[in-house]
Amino acid sequence: AGALEGDRQHFFVGALEGLARTARATGEPVNDLVLALGEAREQLQGINDTQTDEFFGVLAEQAEAGKVTPAQFARVFAPGMAQFKDVTGHGGMGGLREFGALAQTQAMGGGGAEMAATRMNEALRLLTDTKTQQRLRRATHGRVQVRRDANGQMDLIGLLEQMSTD
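Let's talk about helix α2 (residues 30-44)
Over its 15 residues, α2 extends 21 Å from the first C-alpha to the last, a length consistent with the 21 Å expected when each residue adds 1.5 Å. For α2, the complete set of buried residues consists of Asp32, Leu33, Ala36, Leu37, Ala40, Gln43 and Leu44. For α2, the angular spread of buried residues about the axis comes to 150°, placing them on one side. Directly after α2, the chain includes glutamine 45, whose backbone phi takes a positive value near 55°.

Quick look at the structure:
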């Protein structure tokens with residue numbers, strides 16, 4: 001029992017250190033980082049206790065590389081994470097990375113985080129619409145198609161890759 005308690009303390013201290021490092025690196029308040037973690041764990045699922053440090057690292061990398069801050073990620077984009085997971089089937093840390101990349105891409109379009117989140121949610125909604133998928137196939141003469149896996153989940157990244165090479 002003592003070894004298990006020591007492991008828990010070690011994990012807890014490590015998580016706090018990761019949180020502090022990310023707060024310093026991003027300049028974000030700790031409460032926004034904790035909110036981002038909570039939202040991602042709930043919405044994307046599959047992010048476990050041992051991935052807390054990795055989560056904060058991904059958040060810091062994305063904040064440094066783009067226009068979406070961890071606070072915006074938690075407060076503005078988080079509601080779309082569940083929709084993203086439902087559409088793509090991608091959760092956990094992989095889903096976090098993909099969702100974050102899409103959020104950053106949308107934010108580059110200007111209009112602020114709220115507008116970017118709206119565009120992203122609308123794009124996900126449209127891509128699930130059968131009529132939109134048919135129009136996409138017709139417009140690209142069948143070269144770009146929405147593909148689904150055996151579970152019916154959309155390959156969103158594959159679709160974007162098709163569109164970027166077409």
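Some points on empty space enclosed by the protein
In this structure the tally under the stated criterion is one cavity of 30 Å³ or more. If you add up the space inside the largest cavity, you get close to 40 Å³. Residue lining of the largest cavity: Leu59, Gln62, Ala63, Val68, Thr69, Pro70, Phe73, Gly100 and Gln104, and that is the complete set. Among the secondary structure elements, those contributing two or more residues to the lining of the largest cavity are α3 (52-65), α4 (70-77) and α6 (92-107). With three residues, the single largest contributor to the lining of the largest cavity is α3.

Focus: the nonpolar core
Ranked by size, the top nonpolar core spans 38 residues in total, and within it Phe55, Phe73, Phe77, Leu96 and Leu156 carry the most contacts. Mapped by element, the contributors of at least two residues to this core are α1 (2-26), α2, α3, α4, α5 (79-88), α6, α7 (112-127) and α9 (156-165). Each residue touching phenylalanine 73, except ones within four places of it in the same chain, is listed here: Ala36, Leu59, Val68, Ala78, Met81, Leu96, Phe99 and Gly100.

The rules behind these values
Residues numbered from 1 in each chain as written. Predicted model: local features only at pLDDT ≥ 70, side-chain atom pairs only at ≥ 80, totals over all residues. Heavy atoms only, no water. Helix = DSSP H or I, 4+ residues; strand = E, 2+ residues; numbered from the N terminus. Expected span 1.5 Å × (residues − 1). Buried < 20%, exposed > 50% of the residue type's maximum accessible area, 1.4 Å probe, protein only. Arc of directions from axis to C-beta. 1 Å grid on protein atoms, 1.4 Å probe; cavity = no way out; pocket = protein on both sides within 12 Å on 5 of 7 lines; lining within 4 Å. Points joined across faces, edges and corners; volume = space filled by probe spheres on them. Core = buried A, V, L, I, M, F, W, Y, C linked by side-chain atoms within 4.5 Å. Contact = heavy atoms within 4.5 Å.

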